[in-house]
Amino acid sequence: MPVVYRPAREHELERAEQLVVQSINDLTQRHGFGKMASLRPAHFQQFSLRDDPEGLWIAEDNGEILGFAFSWVCGDLWFLAELFVAPGQQGRGIGNELLARTLAHAGKNKAAHKALITFAFNTVSQGLYIQHGLLPRLPLSFFKVSRDVLQARLQDSEIRHASLEATDLQHLSDIDAHALGISREKHHRYLMSDAGMKGFLLRSGDERIGYVYVNPDGHIGPLAVTRRDAMGQAFQAALKLAAEQGAAQVTAFIPGTSDAALKAAIDHGMRITFPMLLMSSNDFGDWNCYLPRNPGFM
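Residues numbered from 1 in each chain as written. Predicted model: local features only at pLDDT ≥ 70, side-chain atom pairs only at ≥ 80, totals over all residues. Heavy atoms only, no water.

Caption draft 1: Expanded view of the overall build of the chain. Of regular secondary structure, the chain possesses nine helices and 13 strands. Taken over the C-alpha atoms alone, the chain extends approximately 65 × 40 × 35 Å along its principal axes. Expressed as a percentage of contacts within the chain between residues at least 6 apart in sequence, the contacts between residues at least 24 apart total 73%. Per element, the accessible surface of the chain, about 13,000 Å² overall, is 49% carbon and sulfur. Of the charged side chains in the chain, 29 are positive and 32 negative; the average position of the first set lies 2 Å away from that of the second. (Helix = DSSP H or I, 4+ residues; strand = E, 2+ residues; numbered from the N terminus. Contact = heavy atoms within 4.5 Å. Areas by Shrake-Rupley, 256 points an atom, 1.4 Å probe, with all protein chains shown as cover. Lys, Arg positive; Asp, Glu negative; His and termini not counted. Charge placed at Lys NZ, Arg CZ, Asp CG, Glu CD.)

Caption draft 2: Highlighting the side chain of Glu60. Here Glu60 lies in strand S2 (residues 56–61). A distance of 3.1 Å separates the side chain of Glu60 from the side chain of Arg6, its partner in a polar contact. Discounting chain neighbours no more than four positions away, the residues touching Glu60 are Pro2, Val3, Val4, Arg6, Ile65 and Leu66. (Polar contact = N/O pair within 3.5 Å; in protein donor to acceptor, adjacent residues only side chain to side chain.)

Caption draft 3: Here's a closer look at the pairing of strand S4 (residues 77–85). Taken across its nine residues, S4 has nine buried, putting it largely inside the fold. Strand direction decides the pairing type here: strand S3 (residues 64–74) and S4, joined by eight bridges, are antiparallel. Across the sheet, the residue bridging to Ala69 is Leu83, located in S4. What sits between S3 and S4 in their antiparallel hairpin is a turn of two residues, with Gly75 showing a positive phi close to 60°. As paired elements, S4 and strand S5 (residues 113–119) share four bridges and run parallel to each other. When the bridges of S5 are listed, Leu80 appears paired with Leu116. Viewed along the sheet, the connection from S4 through helix H3 (residues 94–108) into S5 turns out right-handed. (Buried < 20%, exposed > 50% of the residue type's maximum accessible area, 1.4 Å probe, protein only. Pairing = 2+ DSSP bridges. Right-handed = clockwise from strand over helix to strand, strands pointing away.)

Caption draft 4: Geometry of the packing of helix H1 (residues 13–30) against helix H2 (residues 43–51). Contact pair H1 / H2: the axes reach a minimum separation of 10 Å and the direction vectors enclose 125°. By the angle between their directions, the pair H1 and H2 is classed as oblique. With respect to the hand of their crossing, H1 and H2 are arranged in right-handed fashion. Across the interface between the two elements, Leu13, Glu14 and Glu17 from H1 touch Gln45, Gln46 and Leu49 from H2. Looking at side-chain class alone, the contact of H1 with H2 contains two nonpolar, two polar and two charged residues. (Axes fitted to C-alpha atoms, helices over the stretch in contact; angles between N-to-C directions. Parallel < 35°, antiparallel > 145°, perpendicular 65-115°, else oblique. Left-handed = near helix turned anticlockwise from the far one by under 90°. Nonpolar A, V, L, I, M, F, W, Y, C, P; charged D, E, K, R; others polar.)

Caption draft 5: Seen up close, the pattern of salt bridges. Applying the stated criterion across every chain, the model contains 16 salt bridges. As a salt-bridge pair, Glu10 and Arg50 come within 2.8 Å of each other at their nearest N and O atoms. Here Glu10 is found in the loop between strand S1 (4–7) and H1, whereas its partner Arg50 is found in helix H2, with 40 residues between them in sequence. Exposure remark for Glu10: the relative accessible area of 35% places this residue in the partly exposed category. If you follow the salt bridges from partner to partner, you end up with Arg6, Arg9, Glu12 and Glu60 in one network. (Salt bridge = Lys/Arg side-chain N within 4 Å of Asp/Glu carboxyl O.)

Caption draft 6: A look at H1. Its 18 residues place the ends of H1 26 Å apart at the C-alpha level, agreeing with the 26 Å of an ideal helix rising 1.5 Å per residue. Residues of H1 that are buried: Leu13, Ala16, Glu17, Leu19, Val20, Val21, Ser23, Ile24, Asn25, Leu27 and Thr28. At its buried positions, H1 is contacted by H2, S2, S3, S4 and S5. Downstream of H1 by a residue or two, Gly32 has a phi angle that is positive, lying close to 85°. (Expected span 1.5 Å × (residues − 1).)

Keep in mind these numbers describe shape, not what the thing actually does.
In structure tokens:
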């Protein structure tokens, strides 16, 4: 039977994420990095489907999911969060067909900027994205450190923090507008609804200079600041907050242009585990002021 391409349904998203994990681990193992992905609940995908169902697509053959694509839009930014084809199904044009449908999502929303984050060693996908006008722009690295090593190196930060409240949404939107050029209010609402996620507003004196989220696994992100010169101290404060979660390790995604965050990471014993790459239709945002959460959320 021919492959059918259609909008995803909510009850299929957990199964689609199984395909995503399988595809990622197949890719990372073939490149010598071992298994990188583990299956997690499809909460963000479910949230995004309810918010904008035209951004999620399934490729199937006789009831079997062969590919999955997921994009979201905030303001004039379209972001391709996931595009994966099942191992053994590459070379059939499935990725091209799914990408065409998600790019139509960008066109319908009149997105001025299109972007995604992919593995730096995934050269086949990069070639596909380049054909569609998304060019390599920015290296990003996934950093990791054991909690014991981190705690031995932690220093006090001049940054103060307070737990995020719903009344802070306008402040968060203002910070994102500076760092990324868009508001991500709906995504803050999503993060703040997650009982396991902890969000903090960051202050220097009386000035609100940024925010950060940390999860129970010790992962930092997203983190945004309003001034480049605040990133080093803000990331140092984030490391301390992440260590307080009690997880065995602390992790973060750091852009290659963020000198202050990179220096703080190395000074605190963090090491690169794998490289990634931001691709986009044009430059946007100030990546000295923003650390992504992960390749799907940005």
